[in-house]
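So you can see what is in the structure, the chains are spelled out below.
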Amino acid sequence: MSISLEEKVANLPLQPGVYQFKDKRGSYLYVGKAKKLRNRVRSYFQESKTHDGRIRVMVSKITDVEIIVTDSEAEALILENHLIKRHHPRYNVMYRDDKSYPYISVTSDEKPRIYPTRTVVNDGSRYYGPYDHVGHMRRMLETIRKTFDLCTCAVSPKMIDKSKGVPRWHSCFDDYLQNCSGDWDAEEYKETMIKVERLLSGKTEGLMREIKEEMEIASDALAFEEAAKLRDSYLSLQKYNQKMKIVDNKKVDRDLFAIDLDDELVEACGVMFRVREGKLLGKFHRYLRNIEGLSRESLMQSFVEDYYTGSYKSIGSATPDEVYLSIEMEDDEPLKDYLWEKHGKKVPILVPKIGEKRQLIDMAMANARHKLGERLIEVQKAEKDRIPKSVTDLKQYLHLTRVPRRIECFDNSNTMGTDPVASMVTFVDGKPRKSEYKKFAIRSVEGPDDYASMREILKRRYGKIQKEKLQPPDLILVDGGKGQLNAALAALQEINFTGHSDVAGLAKRLEEVFLPDRADPVMIPKKSPSLKLLQMARDEAHRFAITYHRKKRSGRTVQTELTKIPGIGKKKAEELLKEFGSVKKIKESDLETLQDFLGRKIGMAVYSYFRR
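Residues numbered from 1 in each chain as written. Predicted model: local features only at pLDDT ≥ 70, side-chain atom pairs only at ≥ 80, totals over all residues. Heavy atoms only, no water.

1. Brief notes about the packing of helix H14 (residues 450-468) against helix H15 (residues 482-494)
The geometry of H14 relative to H15 is characterised by a closest axis approach of 8 Å and an angle of 35° between their N-to-C directions. Here H14 runs over H15; the crossing is right-handed. Between H14 and H15, the contacting residues are Asp450, Tyr451, Met454, Arg455, Leu458, Lys459 and Tyr462 on the first element and Gly483, Gln484, Ala487, Ala488, Ala491, Leu492 and Glu494 on the second. Broken down by class, the residue content of the contact of H14 with H15 amounts to 8 nonpolar, 2 polar and 4 charged. (Axes fitted to C-alpha atoms, helices over the stretch in contact; angles between N-to-C directions. Helix = DSSP H or I, 4+ residues; strand = E, 2+ residues; numbered from the N terminus. Left-handed = near helix turned anticlockwise from the far one by under 90°. Contact = heavy atoms within 4.5 Å. Nonpolar A, V, L, I, M, F, W, Y, C, P; charged D, E, K, R; others polar.)

Below you can see the structure in the form of structure tokens.
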């Protein structure tokens, strides 16, 4: 007998691990990690949970859940990253790189080779990087060659010039053909490689001191040829060290992460600075996609965890002494455990507020904003003058006076007349432009009067458009039928805002479109992309209004009900509402559920309060 999804969820263990949601075809929808698998997975299916639209759609598609139990959250973190990279689940954050970063590879051979590469392969080699510019990577290779006389060519069948029988990188042939490091004594080679890997990890200060001491010893022993060779090594290393940018007077190893997002692009950009011994050793950036509905804190967590567990982590580099972020992560415990295992000591994860570290974070943030600006220009160039067919067809279906490239759609929300609000969403060329969404608290209307509310917000919105001489939309769309349309037209006439925009109303019942001076509604074909565009705008306005209404209502409920309970402050009350969805659901919860979330003492206080 097959086990239902509900039974599976109810019987999951209270242990750390990874969960995988699948649809009816067996395709992966989402991969996540959890400290307690049962509690985390169950939270997706609780009706009281206030999920955003993206998660609700995902949950509706789940037909199966598979789990892998691990010994710790740190193990779950590594496994989660591996499974995401393997299966590319639809609802996980995805990454986009605008270039393939260069690395320096140190092979796992008896006499390791050092060479540049843009491909990280799980072959036992150690990889150092990524380098943000190929010139920086080549400068490091040149320093290794001149300091240690080591061959650093990418010698492979593809890199051999068949006409000459030598590597294509001419420096190897010119400088080292007569004295290739491959002929060195094994012990000497091993000692040199230890120094090379220290250099690649950014440990230049101690390395320079050691070479200088060796040079002085050789000079005192009258080994002048050896001393001259060490002198050249020291000068080469000193020249490289002087070119590195000093960003911190304290010679501490730090990784710094910053993230910024663009609502118009619906993408985020994460930037990472790697600081070793106070010098900026490297930096790189990544674009995060599929981020709709996710907070900056969860995006930061995804970016940082992916860096430390994915291929972009410098496999040969030591874990830093400190990690600094532009914003707190949603949950930093799994990463702390992981870094503990890698480092052998606690690695603080902090958000600096002032001083040099804050300045570095601000610099990383400026880099992220700049990269998003470049990305937006790139997208805009690709879409310039391209108007979707759904938009051009809409003009024909509704006999509009202009192509509705910019649509502003309005909706109201209230509960029996209390906490009345309204929303406006903007669509440009068929796509939502979230940076231009507006929300309104209704001021002049008492009771559940949707028509009066619509009149108020349209007068406020387009009165401001007139006053500030802003560009009006091509189409004003209201959620509702003939009544709402007439209320909208009356409001626009009252402020003398006529002829600037087309106006229409979309009724829910039969998806009819009502137009001014037309008795019968227009029926756009059900499968038409134009109708889907209007529905999307209407549904988005409804979602935005409902979200604002719930926030306003829950804020009032928090103050009047939950904060009366001993041990429950405003912050804890908000966490309760976020977890359970409403005060009613909290009242109905059993003691075990409340204590699981709040702890034994406060859980008992809440349970007892609602049963007195």
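2. Focus: the sheet that holds strand S6 (residues 114-117)
The strand order S6-S5-S7 describes an open sheet built from 3 strands, whose pairing is antiparallel. Both outer strands of the open sheet, S6 and strand S7 (126-128), are each paired with one neighbouring strand and no more. Between one strand axis and the next, the sheet turns by 30° as a mean value, whatever way the strands run. Where strand S5 (residues 103-106) lies against S7, 3 bridges are found, and the strand directions are antiparallel. The residue bridging Ile104 from the neighbouring strand is Tyr128, located in S7. Packed onto the sheet, helix H7 (residues 186-200) meets S5, S6 and S7 and runs at close to 160° relative to S5. (Pairing = 2+ DSSP bridges.)

3. Quick look at the pattern of salt bridges
Tallying each qualifying case throughout the model produces 31 salt bridges. Taking the shortest distance from any N to any O, the salt bridge between Arg276 and Asp255 comes out at 3.1 Å. Of this pair, Arg276 sits in strand S11 (residues 267-276) while Asp255 is found in strand S10 (residues 254-262), placing the two residues 21 residues apart along the sequence. Both residues of the pair, Arg276 and Asp255, belong to the buried class. The partner of Arg375 in a salt bridge is Glu378, and the shortest N-O contact between them spans 2.8 Å. One end of the pair is Arg375 and the other is Glu378, both in helix H12 (residues 355-383) and 3 residues apart, which spans about a single turn. Under the relative-accessibility criterion, Glu378 is labelled partly exposed at 39%. The network of salt bridges with shared partners includes Glu264, Arg406, Glu408, Arg433, Glu436 and Arg461. (Salt bridge = Lys/Arg side-chain N within 4 Å of Asp/Glu carboxyl O. Buried < 20%, exposed > 50% of the residue type's maximum accessible area, 1.4 Å probe, protein only.)

4. Brief notes about the packing of aromatic side chains
Tallying each qualifying case throughout the model produces 18 aromatic pairs. Centre to centre, the rings of Phe21 and Tyr44 are 5.0 Å apart; their planes meet at 85°, and the pair counts as edge-to-face. Residue Phe21 is found in strand S1 (residues 17-22), and its partner Tyr44 is found in helix H2 (residues 37-44); the two are separated by 23 residues along the sequence. Each member of the pair Phe21 and Tyr44 is classed as buried. Aromatic ring contacts, followed pair by pair, group Tyr19, Phe21, Tyr30, Tyr44 and Phe45 into a single cluster. (Phe/Tyr/Trp six-rings, centres within 6.5 Å; stacked < 30°, edge-to-face > 60°.)

5. A word on the environment of Pro525
If you trace the backbone, Pro525 turns up in the loop between strand S21 (513-514) and helix H16 (529-560). Beyond its immediate sequence surroundings of up to four residues, Pro525 is in contact with Tyr397 and Leu531.

6. Considerations on the confidence of the model for the chain
Overall, the predicted model of the chain reaches an average pLDDT of 81, with 86% of residues at or above 70. For the chain, per-element mean pLDDT is lowest for helix H6 (residues 170-176), which scores 45, and highest for S1, which scores 93. Within the model, the stretch residues 164-179 combines pLDDT values under 50 with 28 contacts to residues more than four positions away or in other chains. (pLDDT = per-residue confidence, 0-100.)

7. A look at the nonpolar core
Residues Phe257, Leu288, Tyr308, Leu325 and Leu335 are the most contacted members of the largest nonpolar core, which totals 28 residues. Listing elements by their share of this core, those giving two or more residues are helix H4 (73-87), S10, S11, strand S12 (279-289), helix H10 (296-309), strand S13 (322-325) and helix H11 (333-343). When residues of this core are assigned to their parent elements, the largest contribution, 6 residues, is made by H10. When neighbours within four sequence positions are excluded, Leu288 is seen to be in contact with Val93, Met94, Tyr95, Ile259, Glu267, Ala268, Cys269, Gly270, Leu299 and Phe303. (Core = buried A, V, L, I, M, F, W, Y, C linked by side-chain atoms within 4.5 Å.)

8. Section: unusual backbone geometry
Phi is positive for Glu511, which is not a glycine, with a value near 55°. Within the secondary structure, Glu511 sits in the loop between strand S20 (502-506) and S21. Judged by its relative accessible area of 16%, Glu511 falls in the buried class. Not every positive phi belongs to a glycine, and Asp517 is a case in point at roughly 60°. Note that Asp517 resides in the loop between S21 and H16. For Asp517, a relative accessible area of 85% translates into the label exposed.

9. Some remarks on the packing of helix H5 (residues 134-148) against H7
Where H5 contacts H7, the two axes come as close as 11 Å, and the packing angle between them is 150°. Put simply, H5 runs roughly antiparallel to H7. As H5 runs across H7, the sense of the crossing is right-handed. Residue-level inspection shows Met140, Thr143, Ile144 and Phe148 of H5 in contact with H7, the latter providing Thr192, Lys195, Val196, Leu199 and Leu200. Taken together, the residues of the contact of H5 with H7 sort by class into 6 nonpolar, 2 polar and 1 charged. (Parallel < 35°, antiparallel > 145°, perpendicular 65-115°, else oblique.)

10. Focus: the sheet that holds S11
Pairing is mixed in the open sheet, where 6 strands are placed in the order S4-S12-S11-S10-S13-S14. Both edges of this open sheet fall to strand S4 (94-96) and strand S14 (349-350), since each of them pairs with a single strand only. Sheet topology note: the S13/S14 ladder contains 2 bridges and is parallel. Bridging across to S14, Val323 finds its partner in Ile349.

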